[in-house]
Protein chains: 2
Amino acid sequence: MLIPRREIDFHLYDVLSAAALCDEPRYAAHDRQVFDAILDAAERIAADCFAPHAAACDRDEPALRDGRVWLLPETREALDAYNAAGFGAATFDRADGGMQLPELVGQAAGAMFAGANVAFLSYAMLTAGAARLIASFGSPAQRARYVAPMLEGRFFGTMCLSEPQAGSSLADVRTLATPQPDGGWRMNGSKMWISGGEHELAENIVHLVLARTPDAPPGVRGISLFAVPRRRIDGDGRCGADNDVRLVGLNHKMGWRGTVNTALSFGERGECTAELVGEEGHGLPQMFQMMNAARISVGMNAVALGYSGYLHALAYARERPQGRPLSARVPASPPVPILRHGDVRRMLLAQKAWVEGGLALVLYSARLADEIACAGDDDAARAARGLLELLTPVAKSWPAEYCLEANKLAIQVHGGYGYTRDYPVERLYRDNRLNHIHEGTWGIHGLDLLGRKAAMDGGAALSELAARITATVQRAAADQSLAEQARALAAALDELRRTTGTLLAAAADDPERGLLYATPYLDATGHVIVAWRWLEQALAARALQAAGRGGPDFLAGKLAACRYFCRCELPRAVATFAQLRALDDTPLAIPDAGF
Amino acid sequence: MLIPRREIDFHLYDVLSAAALCDEPRYAAHDRQVFDAILDAAERIAADCFAPHAAACDRDEPALRDGRVWLLPETREALDAYNAAGFGAATFDRADGGMQLPELVGQAAGAMFAGANVAFLSYAMLTAGAARLIASFGSPAQRARYVAPMLEGRFFGTMCLSEPQAGSSLADVRTLATPQPDGGWRMNGSKMWISGGEHELAENIVHLVLARTPDAPPGVRGISLFAVPRRRIDGDGRCGADNDVRLVGLNHKMGWRGTVNTALSFGERGECTAELVGEEGHGLPQMFQMMNAARISVGMNAVALGYSGYLHALAYARERPQGRPLSARVPASPPVPILRHGDVRRMLLAQKAWVEGGLALVLYSARLADEIACAGDDDAARAARGLLELLTPVAKSWPAEYCLEANKLAIQVHGGYGYTRDYPVERLYRDNRLNHIHEGTWGIHGLDLLGRKAAMDGGAALSELAARITATVQRAAADQSLAEQARALAAALDELRRTTGTLLAAAADDPERGLLYATPYLDATGHVIVAWRWLEQALAARALQAAGRGGPDFLAGKLAACRYFCRCELPRAVATFAQLRALDDTPLAIPDAGF
């Protein structure tokens, strides 16, 4: 089930002023009608070409047949429709053949596809990520050779970072690129967990590969970025001979099965040609620029999976009769829909608070990226960039956690039926479990947030966040119906700032101890940020109420979810902050043999 | 991986004085050597016959082949070994052909089998449950006909409660048993979610079926319990003709796949004979007597799955090199085992605190059941019975939640590998997701705890719990190294009592509102009880330290996990209690169309 347009429109136009983006020169060619048409098209293609095959591509997962990767045939049909409608090029610059749409609109469209069939969407997301890298760092010749065919869907792309011995620790990458007398490079090594690494969906697959170069310094400074096409490309852009990239095997996952996941070997015959993209030794920072955008998309995928589960649970709760209300337990009376039971309503409201809060967080991050794309280099722009850097690990990891919890509750609402493969919620739960692992694990993002982003520039990004939250608190405090939530958020923000100070001071003395609970810190910080985005939704809802627009039940639902989040979720974060300030070191102190 | 014997022995002998049970007449035939021999046998059979097929029975799930249920052939071999060693009869009375072992020892043995292969074990658990019902409520003739063959494993058993339209709401059961002129009954109706409902593992399958009788009052008072063999049994105990029980279909689950789960139809040809077990109209209370024991076993299954995941994660963390310590990030230095990383240690310690805390909770409940089995009918016995009733929903649901969370972290420790079917942790996670659903859902147990158990006899059971916790707190407060945890537990207990009073007072006015957050109440109450069982483990560890016994690292691990639980887990419960006392009613207030 797809996120309702009413919900998307509320975020875009009532909370995040999407239409105002068209006042910026970068987006001046668009207006709300264009955005709406894009979302209409996304909704239609997602519903027609993606959603109907989500169960099938899970059941009939990619397989090796006669030495080739077999995928459900509808994979190609769906991606052809996606690319034909221009979604592959949606947010790319016009100069690269893109539509130059705001990231905000691109993410909203992505939510439709991800909710319908995240496994199909992944091929397109990986291709966009790879194309983005070449568009950002490639030479004019590389841009011409690769970017246009990738945006059209003629070439697909991958990101080749991990190796069997190097997952989170990219400093240990061993794949080696060796310069050749002709000015080119030869690639040799093994890559692991490569989604979309081999298939017959496109004329070519462009692998973006992190590799060391001879005599490069150890660690991440020795890593460079290369483009490695599966088939060599001649001077006229035609794909020819095999480029010595071999499929070693397929990984068989718990979920997200419709996306083929591979182990690849480069240059076993010594004939794998590669092109350096950008500067030698700059591979990792270049890759991370793209990965930051990808991480926001991972957050959106988590949201879309959680949201889809919520909608299924809600529909089931409306139609499934079972039991009687606690206040009227007359056996002879007919059973009521389970939506009438308090515990079911609690589980649905928790899901709503998580998935719509996650959606608000991810879309706000995308809006911020658009602001930055339009801005110059003044103080305000620098502040926005810092804030987006701070939000990125949260926008990736908070939905990965809480939208997975939403999927857990969606199964629970279905009872025994939800545990069977006849209903989609168990698949969504399996799919969503990946989001804490790929594009940087949960723990990596915790360290990134506390050890890097919260500390950078003397805590400037956190100050910017606090200033923006405080502005929201002040607006909400003026509305008596939101004053309780405003007070709760202000208090939680204070806890966040105090806790950050305590932990960073401890980390300055002893990083192991100060950063030990970075992951729970991320979790609690996410709650503060999501509570803020809920209060912004509540303010927008109140404004619509005052204007007599927006549908009374929809707005009442928004206000209820905001209240629920501030009352029932935010206190968990406050408790976590208090615990973190105690600087417990038990996990470090326990002897290894004591586990 | 199986729970280490050192861990089991610690709970049995150092915390729960298992050997003292042999002073009771009921268990006088046993001694510690007997218990140890039982556990040795359980460990051996679990390792040899259960564990090696856990992955295979998940991959090659039960299927219909030529009209028959096909199971992995090793299912039968494993259960034959289990029954040949007497485990089917372990805790049954000697008069029924059992070994009359304490429930405590039976559960400890069960933990071995469940950790090895919970899907295989389920056939035995269902058979034992059905046999227990007939042993408790059947006529002498029924006991003779059914119980002995079931304990030997010649007959298997099932529990047939749910129907397609009646899951949690057994008041709506429609299956009808009609009395016949010969004094027997004919059964007609459909049952759903019947585990072990059809297979070729045994000579016969004895279905224990809840059904209405003609003219019975509506609701649960109209439900009776019947034994329905798959094949009719003649006067000499021989199994003959088909008894008109038809397999309608198999349910295909997310996990726990090795246990066949069926929809059954009784009496489509009007030829399904049934025997009334116990009194007409008493079906549900009879069933619940047995289900209470089954619920403790469900808790143990959850613990065993969580514990197995923890052991896998720990082994992986010890051997997987990746990255460098935060305090020594020198790229040229070799990578360290991930056990050296603070966040990995935190995840392992959280798993340890949950799974060993859950183990302590379930084994304590079993120990209490043994006390009750030995007791008369004095005040102390009544108090113990009330306490066990109070603990039962917690012993079932708390492990279902937190040992599932442990499995989630076990995947996380493995990174991308943990998400693949090449490693067992994703299967354990899928298996464990069932435990919140079967044998009463999470929400049902929340209502049972707060609406029934906490309120019964003027709160007597909660007072008994508080008295026992307080006694532990006093002992721990006398040990300076445990004083912090003792204070935390005392404060949390106080919060539990205050919150219970507030919620029950509210429920007296308005049950919908007072019981709205019964599930989070169960969750937080579980944390208090588990913290208590951690403090008992810590006290036992301190006593062993003082005696110079028990292995220093093992004991240091116990003390660390107790400290971690009290510092990092218990505050969550305290925050939940504070939130519950605010009596938020948002889930009830939100309009249906606001979701």
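In case you missed it, the structure is sitting above this.
In this text the structure is predicted, and so the values were computed from the model without any measurement.

Calculation notes
Residues numbered from 1 in each chain as written. Chains lettered and ligands numbered in written order. Predicted model: local features only at pLDDT ≥ 70, side-chain atom pairs only at ≥ 80, totals over all residues. Heavy atoms only, no water. Helix = DSSP H or I, 4+ residues; strand = E, 2+ residues; numbered from the N terminus. Rg over C-alpha atoms; globule rule 2.2 N^0.38 Å. Buried < 20%, exposed > 50% of the residue type's maximum accessible area, 1.4 Å probe, protein only. Contact = heavy atoms within 4.5 Å. Areas by Shrake-Rupley, 256 points an atom, 1.4 Å probe, with all protein chains shown as cover. Lys, Arg positive; Asp, Glu negative; His and termini not counted. Charge placed at Lys NZ, Arg CZ, Asp CG, Glu CD. Axes fitted to C-alpha atoms, helices over the stretch in contact; angles between N-to-C directions. Parallel < 35°, antiparallel > 145°, perpendicular 65-115°, else oblique. Left-handed = near helix turned anticlockwise from the far one by under 90°. Buried area = accessible area lost by both parts, 1.4 Å probe. Salt bridge = Lys/Arg side-chain N within 4 Å of Asp/Glu carboxyl O. Polar contact = N/O pair within 3.5 Å; in protein donor to acceptor, adjacent residues only side chain to side chain. Nonpolar A, V, L, I, M, F, W, Y, C, P; charged D, E, K, R; others polar. Least-squares fit on C-alpha atoms with pLDDT ≥ 70 in both. 1 Å grid on protein atoms, 1.4 Å probe; cavity = no way out; pocket = protein on both sides within 12 Å on 5 of 7 lines; lining within 4 Å. Points joined across faces, edges and corners; volume = space filled by probe spheres on them. Phe/Tyr/Trp six-rings, centres within 6.5 Å; stacked < 30°, edge-to-face > 60°. Pairing = 2+ DSSP bridges. Expected span 1.5 Å × (residues − 1). Bend = angle between axes of the 7 residues up to and from the residue.

### Topic: the overall build of chain A
Moving on, step 1. When helices and strands are tallied, chain A shows 17 helices and twelve strands.
Moving on, step 2. Here the C-alpha radius of gyration of chain A, 24 Å, is about what a compact globule of 595 residues would show, namely 25 Å.
Moving on, step 3. Over its C-alpha atoms, taken along the principal directions, chain A stretches across nearly 80 × 60 × 60 Å.
Moving on, step 4. Relative to its 595 residues, chain A shows a buried fraction of 63%.
Moving on, step 5. Taking contacts inside chain A between residues at least 6 apart in sequence as the whole, the part at least 24 apart equals 75%.
Moving on, step 6. Here chain A displays about 19,900 Å² of accessible surface, and carbon together with sulfur accounts for 51% of that area.
Moving on, step 7. For chain A, the distance from the average position of its 61 positive side-chain charges to the average position of its 69 negative side-chain charges is 5 Å.

### A short note on the packing of helix H9 (residues 379-414) of chain A against helix H10 (residues 425-432) of chain A
All names here are of chain A.
Moving on, step 1. The interhelical angle for the contact between H9 and H10, taken along N-to-C directions, is 160°, at an axis separation of 9 Å. Taken as axis vectors, H9 and H10 run roughly antiparallel relative to one another. Like other packed secondary-structure pairs, H9 and H10 cross with a definite hand, here left-handed. Here Cys-403, Leu-404, Asn-407, Lys-408, Ala-410, Ile-411 and His-414 of H9 come into contact with H10, specifically with Val-425, Glu-426, Leu-428, Tyr-429 and Asn-432.

### Focus: the interface of chain B and chain A
Moving on, step 1. The interface of chain B with chain A comprises 98 residues on the first partner and 98 residues on the second.
Moving on, step 2. Together, the buried faces of chain B and chain A total about 8,500 Å²; carbon and sulfur atoms form 57% of this surface.
Moving on, step 3. When the buried area of chain B at its contact with chain A is split by residue, Tyr419(B), Arg421(B) and Phe595(B) rank highest and sum to 11% of it.
Moving on, step 4. Here chain B and chain A share 14 salt bridges between them.
Moving on, step 5. With its nearest N and O atoms 3.0 Å apart, the salt bridge here joins Asp592(B) to Arg340(A).
Moving on, step 6. For the pair chain B and chain A, the number of links is 61 residue pairs in polar contact (both at pLDDT 80 or more).
Moving on, step 7. Its residues assigned to classes, the side of chain B that touches chain A comprises 47 nonpolar, 24 polar and 27 charged.

### Quick notes on the relation of the copies chain B and chain A
Moving on, step 1. With an axial shift of 0.0 Å and an RMSD of 0.0 Å, the rotation relating chain B to chain A amounts to 180°. Viewed as a symmetry operation, the transformation between the two copies matches a two-fold axis.

### A word on empty space enclosed by the protein
A water-sized probe rolled over the atoms picks out the places where empty space is left.
Moving on, step 1. Within the structure shown, the criterion is met by nine cavities of 30 Å³ or more.
Moving on, step 2. Within this model, the largest cavity holds a volume of roughly 1,100 Å³.
Moving on, step 3. Every residue lining the largest cavity is counted, 44 residues in all, and those nearest its centre are Tyr402(A), Glu405(A), Arg572(A), Tyr402(B) and Arg572(B).
Moving on, step 4. Of the residues assigned to the lining of the largest cavity, the class counts are 22 nonpolar, eight polar and 14 charged.

### Some details on unusual backbone geometry
Residues and elements named next belong to chain B.
Moving on, step 1. The backbone of Ser-17 shows a phi angle near 45°, a positive value even though the residue is not glycine.
Moving on, step 2. Mapped onto the elements of the fold, Ser-17 is located in the loop between helix H1 (5-15) and helix H2 (32-50).
Moving on, step 3. Of note in this structure, Glu-439 is not a glycine but carries a positive phi near 55°.
Moving on, step 4. You can call Glu-439 partly exposed: its relative accessible area is 22%.

### Brief notes about the side chain of His199(B)
Residues and elements named next belong to chain B.
Moving on, step 1. Considering the arrangement of structural elements, one finds His-199 in the loop between strand S5 (185-195) and strand S6 (204-212).
Moving on, step 2. Of the residues examined, His-199 reaches a relative accessible area of 1% and is grouped as buried.
Moving on, step 3. A distance of 3.1 Å separates the side chain of His-199 from the backbone nitrogen of Leu-201, its partner in a polar contact.
Moving on, step 4. With sequence-adjacent residues up to four places away left out, His-199 is seen in contact with Val-69, Leu-71, Tyr-123, Phe-156, Ile-205 and Arg-230.

### Observations regarding the pattern of salt bridges
Moving on, step 1. Enumeration according to the criterion identifies 102 salt bridges over all chains in this entry.
Moving on, step 2. Of the charged contacts in the structure, one is a salt bridge between Arg382(B) and Asp377(B), with a shortest N-O distance of 3.7 Å.
Moving on, step 3. Taking relative accessible area as the criterion, Arg382(B) reaches 41% and is therefore assigned partly exposed.
Moving on, step 4. On the basis of relative accessibility, which here comes to 53%, the residue Asp377(B) falls in the exposed class.
Moving on, step 5. Among the ionic pairs, Arg385(B) bridges to Asp377(B), the shortest N-O distance being 2.7 Å.
Moving on, step 6. Within this structure, Arg5(A), Asp9(A), Arg32(A), Asp36(A), Asp40(A) and Glu43(A) form a network of salt bridges that share partners.

### Things to note about the packing of aromatic side chains
Moving on, step 1. Going through the model one piece at a time under the given rule, you end up with 35 aromatic pairs over all chains.
Moving on, step 2. Centroid distance Tyr307(A) to Tyr310(A): 5.8 Å. Interplanar angle 70°. Geometry classified as edge-to-face. With a gap of three residues between them, Tyr307(A) and Tyr310(A) both fall in helix H7 (residues 283-319), about one helical turn apart.
Moving on, step 3. On the accessibility criterion, Tyr307(A) (2% relative accessible area) is buried.
Moving on, step 4. Between Tyr316(B) and Tyr423(B), the ring centres sit 6.0 Å apart and the planes meet at 90°, which makes this aromatic pair edge-to-face. Of this pair, Tyr316(B) sits in helix H7 (residues 283-319) while Tyr423(B) sits in the loop between helix H9 (379-414) and helix H10 (425-432); the two residues are 107 residues apart in sequence, bridging distant segments of the chain.

### Some words on the pairing of strand S9 (residues 239-242) of chain A
Residue and element names in this part refer to chain A.
Moving on, step 1. Strand direction decides the pairing type here: strand S8 (residues 231-233) and S9, joined by two bridges, are antiparallel. For Ile-233, the partnering residue across the bridge sits in S9 and is Cys-239.
Moving on, step 2. Remark: five residues form the turn of the hairpin made by S8 and S9, two consecutive strands paired antiparallel; Gly-237 in that turn has positive phi of roughly 85°.

### Considerations on the pairing of strand S3 (residues 155-160) of chain A
Regular strands show a simple pattern: their side chains alternate between the two faces of the sheet.
Residues and elements named next belong to chain A.
Moving on, step 1. A large share of S3 lies buried, amounting to six of its six residues.
Moving on, step 2. The two faces of S3 match: Phe-155, Gly-157 and Met-159 on one face and Phe-156, Thr-158 and Cys-160 on the other face are all buried.
Moving on, step 3. When S3 meets strand S6 (residues 204-212), the two strands line up parallel, connected through six bridges. Following the sheet pairing, Cys-160 is matched in S6 by Val-209.

### What about helix H2 (residues 32-50) of chain A?
All names here are of chain A.
Moving on, step 1. Here H2 contains 19 residues, and its C-alpha end-to-end distance of 25 Å stays within 8% of the 27 Å for a straight helix at 1.5 Å per residue.
Moving on, step 2. Taken together, the buried positions of H2 are Phe-35, Asp-36, Ile-38, Leu-39, Ala-41, Ala-42, Ile-45, Ala-46 and Phe-50.
Moving on, step 3. On the buried face of H2, the contacting elements are helix H1 (5-15), helix H3 (54-59), helix H4 (74-84) and helix H5 (103-137).
Moving on, step 4. Where H2 begins, the side chain of Asp-31 points an oxygen toward the backbone nitrogen of Gln-33, at a separation of 3.1 Å.

### Some details on the side chain of Lys453(A)
Residue and element names in this part refer to chain A.
Moving on, step 1. Along the chain, Lys-453 falls in helix H11 (residues 442-453).
Moving on, step 2. A relative accessible area of 6% places Lys-453 in the buried class.
Moving on, step 3. A polar atom in the side chain of Lys-453 sits 2.9 Å from the backbone oxygen of Glu-389.
Moving on, step 4. Discounting chain neighbours no more than four positions away, the residues touching Lys-453 are Glu-389, Leu-390, Pro-393, Asp-448 and Ala-461.

### Description of H9(B)
Residue and element names in this part refer to chain B.
Moving on, step 1. Taking 1.5 Å as the rise per residue, H9 with 36 residues should run 52 Å; its terminal C-alpha atoms sit 51 Å apart, in good agreement.
Moving on, step 2. Maximal helix bending in H9 amounts to about 35°, located at Leu-391; proline Pro-393 follows within four positions.
Moving on, step 3. Among the 36 residues that make up H9, 30 are buried, leaving the element largely enclosed by the rest of the structure.
Moving on, step 4. Just past H9, the residue Gly-415 takes up positive phi, approximately 60°.

### Side note on the environment of Ala294(A)
Moving on, step 1. For Ala294(A), the location among the structural elements is in helix H7.
Moving on, step 2. It is 19 Å that separates the C-alpha atoms of Ala294(A) and Leu79(A), two residues lying 215 residues apart in sequence.

### Considerations on the packing of H7(B) against H9(B)
Residue and element names in this part refer to chain B.
Moving on, step 1. For the pair H7 and H9, the least separation of the axes is 8 Å and the interaxial angle reads 20°. Accordingly, the angle class assigned to the pair H7 and H9 is roughly parallel. The crossing of H7 and H9 is left-handed.
Moving on, step 2. Tallied by class, residues from the contact of H7 with H9 come to 16 nonpolar, eight polar and two charged.

### Comments concerning the environment of Glu43(A)
Residue and element names in this part refer to chain A.
Moving on, step 1. Here Glu-43 is to be found in helix H2.
Moving on, step 2. As for Glu-43 and Ala-109, which are separated by 66 residues in sequence, their C-alpha atoms are 7.6 Å apart.
Moving on, step 3. Among residues more than four places away in sequence, those in contact with Glu-43 are Leu-2, Arg-5 and Met-112.

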